[in-house]
Structure formats: structure tokens, C-alpha cells
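Each chain, written out:
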Amino acid sequence: MTRPFALRVRNLSRKFDVSAPWLNRVVERKPKQYVMAVDDVSFDVPKGGCLSLVGESGCGKSTVARLVTGLYPPSNGSLEFTPDINGAPLSAQMIFQDPYASLNPRWKVRDIIAEPLRELKLRETEEEILARVAELLTTVGLSPNDGGKFPHEFSGGQRQRISIARALATEPRFLVCDEPTSALDVSVQAQILNLMRRLQDEMGLTYLFISHDLSVVRHMSDRIAVMYLGRIVEEAETETLFANPRHPYTQLLMQTIPNIEHPKRAREVTTGEVPSPLNPPKGCAFHPRCPLADARCSAERPAVLTLKDGNRVACHRVEEAEGDSARELTGPNSLSA
Ligand SMILES: Nc1ncnc2c1ncn2[C@@H]1O[C@H](COP(=O)(O)OP(=O)(O)OP(=O)(O)O)[C@@H](O)[C@H]1O
């Protein structure tokens, strides 16, 4: 049975104009240049669940986050929130990687958290606003007295708790979390992830979670979409992805996860570099780094196939290996509705 979705994204693209200034282009006879930061991406975020986007720096994760929160308009494609999420005060709230940079250092914590309440007039009196701030601080594991302090008086983990409290102020149903723990120590990361899971259970929140680290998203996610150079290369249920990573790039990312046998792994891919998005490789964008690549991979871009188990993968070699069990639906990137 298909799970109801909170957000449905179809064929979403976003390009950025990165051309040199007009005069330089004319003098040097250079054409306009574009980066395809997000290229024909489709996914569903399950209601009350968590979909994670994973991939190396520059693959387009943050741009998807900004498209979902409305910070950027798409160049193409659609975003559809279910009506109850659209009806919430803001359809999607965002939690950022660096809580210090996203908290105004000159404001007391209570004013930081109260800002959206005041802005959107969600409480009538100052007393009600302060009561709500105290409630939010308690919800994220801080003390109501912490409202009188400034951001620099807190540790990194506590500052991320403050960001979460502020994001929750408007009672959103949908949170976009862009690398919320990657600036934190591993032990603090676990505390913040546990807090986010508890809040999800208690408030029925839906998460779009973004990380470069598969091990971080493993225990948060119902499904994981792996991105490479602006496109989704594999999307699967979390346990299936870990048990049977099909795309060679997912397999490469798996090799960066520390485990008992390899406790000191780098956590980041150290073999080969991501090609420039200004000049992406022809065919499959991953083929220059792929141990399985053959002539077809350098010539023909693989479509995103939906497999019998509902998971999706864009790889000629997987398609060949899975034979009849792989089936293409109505076109590249389509999902079973
Ligand atoms: N405002 C912008 N103008 C021009 N290019 C951009 C802009 N935002 C992103 N890009 C480019 O789009 C591509 C995707 O960037 P994006 O930040 O979405 O990736 P990411 O996977 O989130 O990486 P990171 O984790 O480093 O932020 C990159 O090549 C980036 O340089």
C-alpha cells in the first residue's frame, strides 16, 4: 500500500546563471553559463515520516531544501504539499547546519524564539508569547530561564536546540533539516537526533532531512534518496538501502561509514572527485568514478527506473543485472503514485 505523502516533488529542476559579468562576456566572447544544481528530481516525503537526501558536497541537497522552503523558485517541475501541511502557518520550516550563524548574536534567546510568534501574530499578548517561549524551551530540553541568555552562552548542541525551538514556534507540520548535526561532536549529534525523533513522534512531524553522512540519516529515515550532481541516483527504504545498495555510488558512500571492523573510516568519500557541475560528464554523471562503467555508461544517461520493490535506481548496470525485475514506468524519474 502506498503511504500518504506530505510533500510530492516531481521533475524539479533549478539552474543558476553563473556567467561572467556582461561586459567580460562580450569582450572575451564567452557564452552564458549555467549550473544545473537540481536536475529533474522527483520524490515523495511520507506523511509523519522522514525522507533523507544524501550525497557529497555540491550534489544539490541544499538547493532542494531551499526550493522546498520557498527560498528559491524552481526553474522547472512541481512541489505539492498535502492540504493540512499547506494550511499550517508556514508550509515548511528550516533548521540549518550552523546554529550560530542562523541565530542573531545580539538578541536574547527568548526574542529569537519569539520572533516568528510576533511576526505572524500567533499570540496576542506579551504574556502569552513569553509563556509559549518557555514551553518551547522546555520541549527541546532547555530551561525557561535560558531565554534571558545570548546565543554565545550556549554550546553547539544547545544552540541547535534553540534553532529547533524557533522552528517549532509556528507549529509547523513539516521541517526541512539541512545538515542539522554536522557541526556537532558525534556524542552531541546523537542527542540532537534523538530529540528530533522524539519531537517527530510527539508532534507527528514530517522531515526532509539532508546530510552528507549516511550513518547520520540511517536511524532517522524511512526512505533515503542518494543524489549525485543534481540528480537522484537511488532511492529506497532505509533498511533495503543498507542491506542491498544497488547503485555503485551508494556502495561507495557505504564504504565511508565507520563500523566495528573499520572504526577509523574517513566518513567522506576520498576516492576520486565530483566532476564540475559546470561541465558534467556525458552519459551517466558518475561514470568517470564508477568501477563498473562501460561504453554505454559514458554515452547514455540512465533513466531512473522503479524496481518491483518500489525502490528506484538510475544505473545501466543495475538495469542489466536485474533484468525483468526492473521496469520503467511512464518515463525518467516517475514514481508509482
Ligand atoms: N546561488 C547559487 N548560485 C550559483 N550556483 C549555486 C548557487 N547555489 C548552489 N549553487 C551550485 O549548485 C550546486 C549544488 O549546490 P548545493 O549547495 O545545493 O549542494 P549541496 O549538496 O547542498 O552541497 P553543500 O553540502 O556543500 O552545501 C553546486 O555546484 C553549487 O556551487
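Because the structure is predicted, anything quoted here is derived from the model rather than measured.

S.K.: So, the pairing of strand 8 (residues 223-228): which residues are in play, and what are the values?
M.R.: Burial analysis of strand 8 places six of its six residues in the buried class, which makes it a mostly covered element. Side chains R223, A225 and M227 project from strand 8 onto one buried face, and the interleaved I224, V226 and Y228 project onto a second face that is buried too. The pairing of strand 3 (residues 50-54) with strand 8 spans four bridges and is classified as parallel. Counted as the bridge partner of V54 is V226 from strand 8.

S.K.: Residues and numbers for unusual backbone geometry, please.
M.R.: The residue D40 is not glycine, and still its phi comes out positive at about 60°. By the element assignment, D40 lies in strand 2 (residues 34-46). The phi torsion at K121 lies on the positive side, around 50°, for a residue other than glycine. Among the residues examined, K121 registers 7 C-beta atoms within 10 Å and is labelled exposed.

S.K.: Now, about the nonpolar core: what can you tell me, with residues and values included?
M.R.: The biggest cluster of nonpolar side chains holds 83 residues, and the ones touching the most others in it are L7, I113, A165, L208, V226, M227 and Y228. With six residues, the top contributor of residues to this core is strand 2. The residue makeup of this core includes at least three contributed by each of domain 1 (5-92 + 172-327) and domain 2 (102-171).

S.K.: Any details on the packing of helix 5 (residues 109-119) against helix 6 (residues 126-139)? Residues and values, ideally.
M.R.: The N-to-C vectors of helix 5 and helix 6 enclose an angle of 120°; their axes lie 9 Å apart at closest approach. With respect to helix 6, the axis of helix 5 lies oblique. Both helix 5 and helix 6 take part in a crossing whose hand is right-handed. Contact residues: R110, I113, A114, L117 and R118 in helix 5; I129, L130, R132, V133 and L136 in helix 6.

S.K.: Please provide a residue-by-residue account of the environment of L7, values included.
M.R.: With respect to the helices and strands, the residue L7 is situated in strand 1 (residues 5-17). Spatially, the C-alpha atoms of L7 and K121 are 26 Å apart, while their sequence positions differ by 114 residues. Once residues within four sequence positions are removed from consideration, L7 is found in contact with V45, V68, L79, F81, F174 and L208.

S.K.: Summarise the domain arrangement of the protein; cite the residues concerned and give the values.
M.R.: Once the domains are mapped, the protein shows domain 1 (5-92 + 172-327) and domain 2 (102-171). Its C-alpha centre places domain 1 at a distance of 31 Å from the equivalent point of domain 2. At the junction of the two partners, domain 1 supplies twelve residues and domain 2 supplies twelve residues. For the side of domain 1 that touches domain 2, the element with the highest residue contribution is helix 8 (residues 186-203), accounting for four residues. By residue class, the composition of the side of domain 1 that touches domain 2 is eleven nonpolar, one polar and no charged.

S.K.: Tell me about the packing of helix 7 (residues 156-168) against helix 8, and name the residues and values.
M.R.: Two quantities define a packed helix pair, namely the angle between the helix axes and the distance between the axes. Helix 8 packs onto helix 7 with a crossing angle of 20° between their chain directions and a minimal axis gap of 10 Å. Judged by the angle between their axes, helix 7 and helix 8 are roughly parallel. At the point where helix 7 passes helix 8, the crossing takes the right-handed sense. Counting all contacts with helix 7, which are made through G156, G157, Q160, R161 and I164, the residues of helix 8 involved are V188, Q191, I192 and L195. Along the lines of polarity and charge, the residues of the contact of helix 7 with helix 8 split into four nonpolar, four polar and one charged.

S.K.: Go over the site of the ligand, please, and point to the residues and values.
M.R.: Residues in close proximity to the ligand total 14 residues, the closest being F16, A37, S57, S62 and T63. Put simply, the parts of the chain that give the shell around the ligand at least two residues each are strand 2 and helix 2 (61-68). Here the element with the most residues in the shell around the ligand is helix 2; it accounts for three residues. The class makeup of the residues in the shell around the ligand is six nonpolar, seven polar and one charged.

S.K.: So, helix 2: which residues are in play, and what are the values?
M.R.: For helix 2, a buried count of seven out of eight residues is recorded, marking the element as mostly surrounded by other parts of the structure. Those residues of helix 2 lying buried are K61, S62, T63, V64, A65, L67 and V68.

S.K.: I'd love a proper account of the sheet that holds strand 2, names of residues and values included.
M.R.: Taking strand neighbours across the sheet as the criterion, the three strands line up as 2-1-4 in an open arrangement whose pairing is antiparallel. The open sheet has two edge strands with one neighbour each: strand 2 and strand 4 (76-81). In this sheet, adjacent strand axes meet at a mean angle of 15° when their direction is disregarded. As defined by bridge partners, strand 1 adjoins strand 4 across five bridges and the pair is classed as antiparallel. Paired with R8 across the strands is E80, a residue of strand 4. Contacting strand 1, strand 2 and strand 4, helix 2 runs over the sheet at an angle of about 65° to strand 2.

Cut-offs applied
- Residues numbered from 1 in each chain as written.
- Predicted model: local features only at pLDDT ≥ 70, side-chain atom pairs only at ≥ 80, totals over all residues.
- Buried ≥ 20, exposed ≤ 12 C-beta atoms within 10 Å, placed from the backbone.
- Helix = DSSP H or I, 4+ residues; strand = E, 2+ residues; numbered from the N terminus.
- Pairing = 2+ DSSP bridges.
- Core = buried A, V, L, I, M, F, W, Y, C linked by C-beta atoms within 7 Å.
- Domains from an automatic or database assignment.
- Axes fitted to C-alpha atoms, helices over the stretch in contact; angles between N-to-C directions.
- Parallel < 35°, antiparallel > 145°, perpendicular 65-115°, else oblique.
- Left-handed = near helix turned anticlockwise from the far one by under 90°.
- Contact = placed C-beta atoms within 7 Å.
- Nonpolar A, V, L, I, M, F, W, Y, C, P; charged D, E, K, R; others polar.
- Near = placed C-beta within 6 Å.

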